[in-house]
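# A look at the structure
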Amino acid sequence: MKIDDLEFEPLIEEETIAKRINLLAVELNADYAGKTPIFIGVLNGSFLFVADLVKHITIPCEVTFTKLASYYGGTTSSRKIREDIDLSTDISGRHIVIIEDIVDTGNTLAYLIEKLKLKNPASISVCAMLVKPGKLETSVEELRYVGFEIENEFVVGYGLDYKELGRNLRDIYRLTSTTDEV
Ligand code: IMP
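All chains use their own residue numbering, which begins from 1 and follows the written sequence. Only residues with pLDDT of at least 70 are given local features in this predicted model, and only at 80 or more are side-chain atom pairs given and counted; all residues enter the totals for whole chains, interfaces and linings. Excluding hydrogens and water, the side-chain figures rest on all heavy atoms present in the structure.

## Description of the overall build of the protein chain
Helix and strand definitions follow DSSP, with helices as H or I runs of at least four residues and strands as E runs of at least two, each counted in order from the N terminus. For the protein chain, the count of helices and strands is three helices and ten strands. Counting from the amino terminus, helix and strand elements in the protein chain follow one another as β-β-α-β-α-β-β-β-α-β-β-β-β. The cut-offs for exposure are 20% and 50% of the maximum accessible area for each residue type, with area from a 1.4 Å probe on protein chains only; residues under the lower value are buried, those over the upper are exposed, and the others partly exposed. Counting over 182 residues, the protein chain shows a buried share of 47%. In the protein chain, the proportion of contacts linking residues at least 24 apart, taken out of those at least 6 apart, comes to 69%. Within the structure as shown, the protein chain displays about 8900 Å² of accessible surface, and the carbon and sulfur contribution to it stands at 48%. Whether two residues are in contact is decided by their heavy atoms: any pair within 4.5 Å suffices. Here the open area of atoms and residues is found with the Shrake-Rupley method and a 1.4 Å probe, where only the protein chains shown may cover a residue.

Right under this line is the structure:
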């Protein structure tokens with residue numbers, strides 16, 4: 001499938017994503033029972049993941065979003081983090097679960113966690129749909145819930161974009177051509 005100038009091929013199907021999300025929710029329901037967690041989705045990429053995940057959360061919870069991005073429309077991380085939306089929710093004394101679409105270098109996540117820690121939450125953990133273990137530059141001990149570990153490849157679909165395109169795709173696709181840039 002062509003998205004703008006690049007060719008992509010299927011990697012993870014919608015049904016597989018749905019099954020994994022169900023299991024993640026089972027874990028979260030058990031781990032956060034009696035804690036009324038706040039799920040904080042990181043926009044834009046996590047919007048579908050948050051929506052699908054919280055539908056399976058059966059314990060009382062809050063859902064909110066923040067927006068931070070280190071990608072500027074290409075296929076490699078720019079290493080600069082742009083903060084578009086701050087978080088107005090009061091998280092002091094609360095149990096926080098950050099919902100991320102994908103963890104690549106881990107820099108975005110490390111930055112967000114440090115920022116949230118300043119607001120004195122009771123705890124912070126991270127639930128990421130995808131993780132590229134081979135690209136992690138920062139070890140993130142809060143990364144406790146992971147949908148799928150993938151290779152060092154650029155992916156789109158299910159909320160993830162290439163040049164803002166492809167977020168609406170139901171499946172996850174990977175870049176077909178091999179490139180050193182990924
Ligand atoms: P990190 O700071 O390098 O971990 O980058 C994390 C952010 O980069 C994610 O939240 C995504 O928005 C974006 N990103 C990382 N890898 C990919 C990818 O393969 N496809 C699309 N976006 C990606």
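## Observations concerning the nonpolar core
Throughout, nonpolar core names a set of buried Ala, Val, Leu, Ile, Met, Phe, Trp, Tyr and Cys residues whose side chains join them through atoms within 4.5 Å. Counting 26 residues, the largest nonpolar core has Leu 28, Phe 49, Leu 53, Cys 127 and Leu 130 as its most contacted members. When contributions to this core are tallied by element, the ones reaching two or more residues are helix 1 (14-31), helix 2 (47-54), strand 6 (95-103), strand 7 (123-131) and strand 8 (143-149). The greatest single-element share of this core, amounting to five residues, is contributed by helix 1. Those residues in contact with Phe 49 that sit more than four places away from it in its chain are Ile 21, Leu 24, Ile 99, Glu 100, Cys 127, Ala 128, Met 129 and Tyr 158. Leu 87, Ile 91, Val 103 and Val 131 belong to the second largest nonpolar core, which has 19 residues in total.

## Remarks on the site of the ligand
The full set close to the ligand counts 18 residues, and Thr 105, Gly 106, Thr 108, Lys 132 and Val 155 are the nearest of them. The term polar contact refers here to a pair of N or O atoms within 3.5 Å; inside protein, the definition further demands a hydrogen-donor-capable atom paired with an acceptor-capable atom, and it admits residues adjacent in sequence only when both atoms are side-chain atoms. A distance of 2.9 Å separates an oxygen atom of the ligand from a polar side-chain atom of Asp 101. The separation between an oxygen atom of the ligand and a polar side-chain atom of Lys 132 is 2.9 Å. Look at the ligand: alone it shows 490 Å² of surface, and the protein chains cover 94% of it. For the shell around the ligand, the secondary-structure elements that each account for two or more residues are strand 6 and helix 3 (107-117). Top element by residues in the shell around the ligand is strand 6. It accounts for four residues. Gly counts as polar in this scheme, as do all residues outside two lists: the nonpolar Ala, Val, Leu, Ile, Met, Phe, Trp, Tyr, Cys and Pro, and the charged Asp, Glu, Lys and Arg. The class makeup of the residues in the shell around the ligand is six nonpolar, six polar and six charged. We call a residue near a molecule or strand whenever a single non-hydrogen atom of that residue lies within 4 Å of it.

## Considerations on the pairing of strand 10 (residues 172-175)
Only strands that DSSP links by at least two bridges are regarded as paired with each other. Pairing geometry for strand 2 (residues 6-12) and strand 10, over four bridges, is antiparallel. Looking at strand 10, one finds that Pro 10 is bridged to Tyr 173.

## Considerations on the packing of helix 1 against helix 2
Lines fitted to the C-alpha atoms define the axes, with helices restricted to the stretch that makes contact. Angles between their N-to-C directions range from 0 to 180 degrees. At their nearest, the axes of helix 1 and helix 2 sit 9 Å apart, and the two run at 60° to each other. Accordingly, the angle class assigned to the pair helix 1 and helix 2 is oblique. Like other packed secondary-structure pairs, helix 1 and helix 2 cross with a definite hand, here right-handed. Between helix 1 and helix 2, the residues in contact are Ile 21, Leu 24, Ala 25 and Leu 28 and Phe 49, Asp 52 and Leu 53, respectively. Along the lines of polarity and charge, the residues of the contact of helix 1 with helix 2 split into six nonpolar, no polar and one charged. Geometric relationships in this document are graded by angle, where less than 35 degrees denotes roughly parallel, more than 145 denotes roughly antiparallel, 65 to 115 denotes roughly perpendicular, and other angles denote oblique. Handedness of a helix crossing follows the sense of rotation of the near helix relative to the far helix, less than a right angle counterclockwise being left-handed and clockwise being right-handed.

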